[in-house]
Amino acid sequence: MKRVVVGLSGGVDSSVAAYLLQEQGYEVIGLFMKNWHDDSVTISNECPWLEDSNDALLVAEKLGIPFQTVDLSEQYKERIVDYMFNEYEKGRTPNPDVLCNREIKFDVFMKIALSLGADYVATGHYCRKGILEKDGEEVYQLLAGVDGNKDQSYFLCQLSQEQLAKSLFPIGELTKPQVREIAARMELVTAEKKDSQGLCFIGKVRLPEFLQQQLQPKEGLIFEVAADSPVYNQEQPTFASQKEELAYLSKNIAYTPEMGKVVGKHQGAHYFTIGQRKGLNVGGTKEPLFIIATDVTTNTIYTGQGNNHPGLFKKALFIQQPEVHWIREDLKLKAGEKMEVMARIRYRQPLQKATLFQFENGMYVLFEEPQSAITEGQFVSWHIGEELVGSGVIS
């Protein structure tokens, strides 16, 4: 009988995952991860992790499976929180959920599970695992969840073959309504529970407020750059090589104050991200202002009016070589090779047609259509059919 440790989060998805594994004949153990306990930053006096661990315990009792809580807050602070602040200070926008899966759930947590004699770790993610035979070896695939509306494979885009080998995703074949239905039928306390919002670790904390407590505010100027600014109408140079052209298409415009006019003040460029429109508190423009660039060295924010502003769009992005990650290592490109894929630059973005170009120093992703708000520090994932084959950090 195979033993599986389920990460019970206190939500409906992981509860049903545990139940399904039990039905499939696995010996199931429930583990709740406590990742955060700095109560000074929670917004309300609700204590989400206490409530969640309690719900997880009730589910485990209902299913009759052993349950314990593991405190991973130290590793969490080190690997996720510190990394996030470091990235924000550099003016990049990290994705804590992707990191949480790579560094915590499928690494620290997985090691604990395996030390308990588990054969697998299971989570309540909406995605599926496939297995192929290739040259006599088993190759694992990360496939989209059947519920197109809830597919969460993007959040697992940094997993490795070793991690997938030991993972199970029991609800990947189901839709959210089916999951709720099973939970209701089993009378699980989580059946009606709302999906959790907010960061994967801090419960009900809003990111800007969390950041403000950690990063010192400093006042700077907000500039608005007109859509018809000459910076957008420059003639394209001629390129000696494809690589040169890709470098040109993926590079950010270097804005200077002379290109725009001052429209307001902000409390710190490092709190803001490309494509953001909330939180600027500048009124009086015909269309809403969107952030087209931030400069943390000069503490300046550049904005443009409307979501079709040319400053928001780019056709290509670059990933530094150490940040290029293939789940399907057997499909990895060598320098000089290219591959047609579907790609996305954020969770739930519809997949976009793109071509990967691999060079010695990294990889370019060239999109067929210009993409809005390509953001440094976020992940781009690439797909063939319903399989997520690799990902990388946008540089």
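Residues numbered from 1 in each chain as written. Predicted model: local features only at pLDDT ≥ 70, side-chain atom pairs only at ≥ 80, totals over all residues. Heavy atoms only, no water.

Enquirer: Looking at this model, I keep getting lost on the packing of helix α3 (residues 73–89) against helix α4 (residues 96–115). Mind explaining?
Expert: Relative placement of two packed helices is described by the angle separating their axes and the distance separating the axes. Following both chains from N to C, one finds α3 and α4 inclined at 160°, their axes separated by 10 Å at the closest point. In this view, α3 runs roughly antiparallel relative to α4, as classed from their interaxial angle. In this structure, the crossing between α3 and α4 has a hand that is right-handed. Across the interface between the two elements, Q75, Y76, R79, I80, Y83 and M84 from α3 touch P96, L99, C100, E103, I104, D107 and V108 from α4. Looking at the contact of α3 with α4 residue by residue, the class counts come to 9 nonpolar, 1 polar and 3 charged. (Axes fitted to C-alpha atoms, helices over the stretch in contact; angles between N-to-C directions. Helix = DSSP H or I, 4+ residues; strand = E, 2+ residues; numbered from the N terminus. Parallel < 35°, antiparallel > 145°, perpendicular 65-115°, else oblique. Left-handed = near helix turned anticlockwise from the far one by under 90°. Contact = heavy atoms within 4.5 Å. Nonpolar A, V, L, I, M, F, W, Y, C, P; charged D, E, K, R; others polar.)

Enquirer: Help me understand the pattern of salt bridges, please; the structure alone is not making it clear to me.
Expert: All told, the structure shown has 18 salt bridges when counted by the stated rule. Salt bridges sharing partners connect three or more residues here, namely R79, R102, E103, D107 and K111. (Salt bridge = Lys/Arg side-chain N within 4 Å of Asp/Glu carboxyl O.)

Enquirer: Even after reading the chapter, I still don't get the packing of aromatic side chains, so can you show me in this structure?
Expert: Between two aromatic rings, the relevant description is the distance of the centres plus the angle of the planes. According to the stated counting rule, one finds 11 aromatic pairs in the structure shown. Taking 4.6 Å as the distance between ring centres and 40° as the angle between the ring planes, the aromatic pair formed by F318 and Y364 counts as tilted. With F318 in strand β12 (residues 313–320) and Y364 in strand β16 (residues 362–372), the pair connects residues that are 46 residues apart, well separated along the chain. Y364 shares its class with F318; the two are buried. (Phe/Tyr/Trp six-rings, centres within 6.5 Å; stacked < 30°, edge-to-face > 60°. Buried < 20%, exposed > 50% of the residue type's maximum accessible area, 1.4 Å probe, protein only.)

Enquirer: Please clarify how the sheet that holds strand β3 (residues 67–71) should be interpreted in this entry.
Expert: Across a sheet, paired strands are connected by hydrogen bonds in the backbone, their directions being either parallel or antiparallel. Spatially, the 5 strands line up as an open sheet ordered β3-β2-β1-β4-β7, and their pairing is parallel. Only two strands of the sheet have a single neighbouring strand rather than two, namely β3 and β7 (167–168). Strands β1 (3–7), β2 (27–34), β3, β4 (120–122) and β7 of the sheet are contacted by α4, whose axis makes an angle of about 125° with β2. (Pairing = 2+ DSSP bridges.)

Enquirer: Any chance you could explain the packing of helix α1 (residues 12–23) against helix α6 (residues 176–185) here in plain terms?
Expert: Across the interface, α1 lies against α6 with an axial gap of 9 Å and an inter-helix angle of 70°. It follows that α1 is roughly perpendicular to α6 by the angle criterion. As for how α1 packs across α6, the hand of that crossing is left-handed. Facing V12, D13, V16, Y19 and L20 of α1, the residues of α6 in contact are K176, V179, R180, I182, A183 and R185.

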